[in-house]
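# Summary of structural features
Spelled out, the chains give:
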Amino acid sequence: MGEIPKEIDSKIKLVTLDLDGTVVGKGGAISERTRVVVARLQAAGVAVALATGRPWFGARSIASTFNITSPSLFYSGALILNPATGEVYQECLIEPAAVREVLIRASESGLYTELYTRDGYFSGNDSEFRAIHTEYLGCASEIASLSEVAERFPILKFGFVVNRGEGEDALRALFREFPQLASSSAFGASHPHILFGNMTSRSASREGGFALLCSLAGVKGHEVASFGDGDSDIPFLRLAGVGVAMGNAPLSVKEAADLVTGTVDDDGAAAVLEQILSSL
């Protein structure tokens, strides 16, 4: 594991944590070591925020576990709110016309597709992917006509699940076809053979989300330590004073980080958080 650069390690005032593959390991487990060091950092005055592609309702229990009181990022940046108070600072909806167009193309490509509102999510059909996502989020999607859902509710995010290798080309092609939307992907620690894809409003960029989290916390970018394991985490890793990639991250993520720690199952995030704590 790399060492935190000495010129910045004592200046960290905000830590941002990705969830799946970073602090949430196989089976949805969060280690006691991670829980303890997060609590100690907060007690020492370091703000801790979540920064995840998960929907708010799928991260609520984890926010409670960590006692997160700082504004945090969900839906890959489409929603920024304070988990402790529910106060919303940013909500970026996808234009209805874009929702309809993406639904048509995703259906033609045979992609398993989900639509997300602030309080729930919907699938057009049942599948093994729906069961896997239920495991990750702790709640099942409602099966419904996605076109009808799009007419009834404001949509924050598209979700897709494909087998790595087998379905990636169709997913990447969909991303390219809609450059007006922000796209990202990540894989889950418990099912490394699948890839999760996300599409949100372009105004919900990770770069904008990072800037807003810094502003709300009253810190500068160089005072932030960000942790992640997926390509969608790269903007945070590059913008933070200390960007930490997990050992289980792909090479692209490791190359974007200042240092690479151990894997999620080896408590890699906790090891660096302990370094930050010891430098305060």
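Use the structure listed above.
What comes next concerns the included structure. (Residues numbered from 1 in each chain as written. Predicted model: local features only at pLDDT ≥ 70, side-chain atom pairs only at ≥ 80, totals over all residues. Heavy atoms only, no water.)

### Brief notes about the pattern of salt bridges
This structure, assessed with the given rule, holds 11 salt bridges. The shortest N-O distance in the salt bridge between Asp 126 and Arg 130 comes to 3.3 Å. Given the relative accessible area of 15%, Arg 130 is considered buried. Among the ionic pairs, Glu 168 bridges to Arg 172, the shortest N-O distance being 3.6 Å. (Salt bridge = Lys/Arg side-chain N within 4 Å of Asp/Glu carboxyl O. Buried < 20%, exposed > 50% of the residue type's maximum accessible area, 1.4 Å probe, protein only.)

### Comments concerning the pairing of strand S1 (residues 14-17)
When a strand is regular, its side chains alternate between the sheet's two faces. Of the two faces of S1, the one carrying Leu 14 and Thr 16 and the one carrying Val 15 and Leu 17 are both buried. Bridging between S1 and strand S2 (residues 47-50) involves four bridges; their strand directions are parallel. Looking at S2, one finds that Val 15 is bridged to Val 48. Following the chain from S1 across helix H2 (residues 32-43) to the adjacent parallel S2, one finds a crossover that is right-handed. Pairing between S1 and strand S12 (residues 224-228): four bridges, direction parallel. (Helix = DSSP H or I, 4+ residues; strand = E, 2+ residues; numbered from the N terminus. Pairing = 2+ DSSP bridges. Right-handed = clockwise from strand over helix to strand, strands pointing away.)

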